Amino acid sequence: MSPMARKIDVKLPAIPVIWVVLGFFLPIEGFLLWQFRVHPEWRETIVFGATIVGGAFVLFSHMKHIEENREKYAQKLIERWNSPSPEFELWKDTLRSAYAGTLDPKKYIRTRSITGAIELPADLVTRNRIVGILSYCEEVALAIRTNTADEELIRRLLESVLILSWDKFQPWIAGERTTLGKPDGDDLYIELQKVVERWGR
């Protein structure tokens, strides 16, 4: 095969959207500036149009920045779950045990004594692991509700974690809510509950 007949595969680098928009914005602003000089009678209209165009660009840049921050926060939450952290690995083992039926979450619920004092279960290690994984799920759910993290990205990679955690530890959450009583108990892991319910589970 001759050198001229070889297939040339050139991969151009991806161009950020903000630069594409800027490429449209600058010529428009330049055109308006030129019109401002050659048509003095239209200056008020041209200034108004330039203000609208400039405002639209600023708004787009701001929204793009927010979107990028939401993606970064979602990726951070996902990376934490996938990290080889010993703490997270213990939480995952606890969730696996609950899923397999070898761990009964009800054994680790706080109770109230006859005098009304809250009593802790004997096995605080397992209880703290349950609290750890549910607190993480609550953090993720709160980030979704407040729109500080990209919900689509989180749902694609963490949906099963949130749903499984809610399903398997719901009896534990119900028991803790009962022990705490109203109104404190009503809000316990409420963000996780709302997200799972909204996702149709």
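Here is what the cut-offs are and how they apply
- Residues numbered from 1 in each chain as written.
- Predicted model: local features only at pLDDT ≥ 70, side-chain atom pairs only at ≥ 80, totals over all residues.
- Heavy atoms only, no water.
- Helix = DSSP H or I, 4+ residues; strand = E, 2+ residues; numbered from the N terminus.
- Buried < 20%, exposed > 50% of the residue type's maximum accessible area, 1.4 Å probe, protein only.
- Contact = heavy atoms within 4.5 Å.
- Salt bridge = Lys/Arg side-chain N within 4 Å of Asp/Glu carboxyl O.

K.L.:
Sorry if this is basic, but what is going on with unusual backbone geometry here?
P.N.:
Excluding glycine, residues mostly carry a negative phi; peptide bonds, for their part, are mostly trans. That bond from Lys 182 to Pro 183 is cis: its omega, 0°, falls within 30 degrees of zero. Looking at the secondary structure, you find Pro 183 in the loop between α5 (151-180) and α6 (190-198). The phi dihedral of Asn 147 is positive, around 60°, even though this residue is not glycine. Positionally, Asn 147 belongs in the loop between α4 (124-145) and α5. Phi at Tyr 189 takes a positive value of approximately 55°, unusual for a residue other than glycine. Looking at where Tyr 189 falls in the secondary structure, it is placed in the loop between α5 and α6.

K.L.:
Honestly, α6 in this entry has me stumped. Any pointers?
P.N.:
Residue pairs three or four apart in sequence face the same way in an α-helix, which turns once every 3.6 residues. Taken residue by residue, α6 has Ile 190, Glu 191, Leu 192, Gln 193, Val 195 and Val 196 as its buried positions. Those residues of α6 hidden inside the fold are in contact with α4 and α5. Looking one or two places after α6, you find Gly 200, whose phi comes out positive at around 90°.

K.L.:
What is the right way to read the pattern of salt bridges from this model?
P.N.:
A side chain with one charge can pair with a side chain of the opposite charge if their charged atoms come near. All told, the structure shown has nine salt bridges when counted by the stated rule. A salt bridge links Glu 139 to Arg 80, with the shortest nitrogen-to-oxygen separation between them at 2.8 Å. Placement of the pair is Glu 139 in helix α4 and Arg 80 in helix α2 (residues 43-82), with a sequence separation of 59 residues. Salt-bridge contacts for Glu 176 lead to Arg 110; the nearest nitrogen and oxygen are separated by 2.8 Å. In this pair, Glu 176 is assigned in helix α5 and Arg 110 in the loop between α3 (86-100) and β1 (111-112), connecting sequence segments 66 residues apart.

These results come straight from atomic positions and should not be treated as a statement about function.
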